[in-house]
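Overview (structure and organization)
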Amino acid sequence: MKRDVVESEVDSVDVRLAARLAGLRAERDWSLGELAERSGVSKSTLSRAERAEISPTASLLNRLCGVYGRTMSQLLSEVEAEPSPVVRGAEQTLWEDPASGFVRRSVSPPHPGLRGELVEGRLAAGADISYDRPPVPGLEQHIWVLAGALDVTAQGVEHHLDAGDCLRLRVWGATRFRCTGPDPVRYVLAVVLP
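Anyway, here's the lowdown on the structure attached to this text. Bear in mind the structure is a predicted one, so any value in this text is a computation, not a measurement.

Reading the values: the criteria
- Residues numbered from 1 in each chain as written.
- Predicted model: local features only at pLDDT ≥ 70, side-chain atom pairs only at ≥ 80, totals over all residues.
- Heavy atoms only, no water.
- Helix = DSSP H or I, 4+ residues; strand = E, 2+ residues; numbered from the N terminus.
- Rg over C-alpha atoms; globule rule 2.2 N^0.38 Å.
- Buried < 20%, exposed > 50% of the residue type's maximum accessible area, 1.4 Å probe, protein only.
- Pairing = 2+ DSSP bridges.
- Axes fitted to C-alpha atoms, helices over the stretch in contact; angles between N-to-C directions.
- Salt bridge = Lys/Arg side-chain N within 4 Å of Asp/Glu carboxyl O.
- Core = buried A, V, L, I, M, F, W, Y, C linked by side-chain atoms within 4.5 Å.
- Contact = heavy atoms within 4.5 Å.

What follows concerns the overall build of the protein. When helices and strands are tallied, the protein shows five helices and ten strands. Expected size for 194 residues packed as a compact globule is a radius of gyration near 16 Å; at 16 Å, the protein falls within 12% of this value. The C-alpha extent of the protein, read off along each of the three principal axes, is 45 × 40 × 30 Å. Residues classed as buried in the protein amount to 45% of the 194 residues present.

Structure below.
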């Protein structure tokens, strides 16, 4: 039963996210072709994401956030109700990328005017996610591993993090998050806009 509630919450977020993605493109008066050229994502994938026919992957959302000048949390907060200073655990936005085994929970109360946010990330054992660029160049990240092990590659340097370890970096280029251990990894990601 609990899994059904989580799945319906994710489905609902996907529908609102699809509408917001379509709205962002319309606000700029871009065709699907123009957005495809700017993002490097095929027109058919963009069209299916805007119609909620597919659940966008973390990599796809990252590319679109880069084009639209937003962090992923900012984009997801735009599909939520009016921001509140407190978000209860049961009400935090949960988003899942089934293709990669990545689950993302927006922990911080969303607010478009704030520069910092907290995100909980969970990766299944063996999961591997690569981002070709940050959504905002120079984005500051603090990655604190709560359970499991995580390998993070940024600017060509790989960092192995075990439970309790924390990595701070500014993201200018490609990054990679890998769960190399036999167990899933759970971590907190603090993101600060430059």
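The strand order S4-S9-S6-S7 describes an open sheet built from four strands, whose pairing is antiparallel. At either margin of the open sheet sits one strand with a lone partner, and together these are strand S4 (128-131) and strand S7 (157-162). Pairwise comparison of adjacent strand axes, ignoring direction, gives a mean angle of 15° for this sheet.

Pairs can form between side chains of opposite charge once their charged atoms are near each other. Taken as a whole, this structure holds 13 salt bridges when the rule is applied. The salt bridge partner of arginine 20 is glutamate 27, with a shortest N-O separation of 2.8 Å. Overall, the relative accessible area of 53% leaves glutamate 27 in the exposed class. Across the pair glutamate 140 and arginine 170 runs a salt bridge, and its minimum N-O distance is 3.8 Å. Placement of the pair is glutamate 140 in strand S5 (residues 139-147) and arginine 170 in strand S8 (residues 166-171), with a sequence separation of 30 residues.

Before going further, it helps to examine the environment of serine 31. Here serine 31 lies in the loop between helix H1 (2-27) and helix H2 (32-39). Each C-alpha atom of the pair serine 31 and lysine 43 lies 9.3 Å from the other, and the pair is twelve residues apart in sequence.

We now examine the nonpolar core. Counting 45 residues, the largest nonpolar core has Trp95, Leu123, Ile143, Leu150 and Tyr187 as its most contacted members. A per-element tally of this core places helix H4 (residues 58-68) first, with six residues. Among all residues touching leucine 123, those that are not within four sequence positions of it are Gly101, Phe102, Ile129, Leu150, Phe177, Cys179, Pro184, Val185 and Tyr187.

Strands sit in the order S1-S2-S3-S10-S5-S8 across an open sheet of six strands; the sheet is antiparallel. Two strands bound the open sheet, and with one partner strand each, they are strand S1 (94-97) and S8. Strand-to-strand, the axes of this sheet are offset by a mean angle of 20°, without reference to chain direction. Two strands pair when backbone bridges link them, and S5 and strand S10 (residues 185-192) are joined in this way by seven bridges, in the antiparallel orientation. Bridging across to S10, glutamate 140 finds its partner in valine 192.

Attention now goes to the pairing of strand S3 (residues 116-123). Two strands pair when backbone bridges link them, and strand S2 (residues 102-106) and S3 are joined in this way by five bridges, in the antiparallel orientation. Of the residues in S3, the one forming a bridge with valine 103 is arginine 122. Here S3 pairs with S10 via eight bridges, running antiparallel. Bridging from a neighbouring strand, valine 119 pairs with leucine 189 of S10.

Tracing the backbone shows glutamine 74 in helix H5 (residues 72-77). Look at glutamine 74 and you get buried, because its relative accessible area is 16%.

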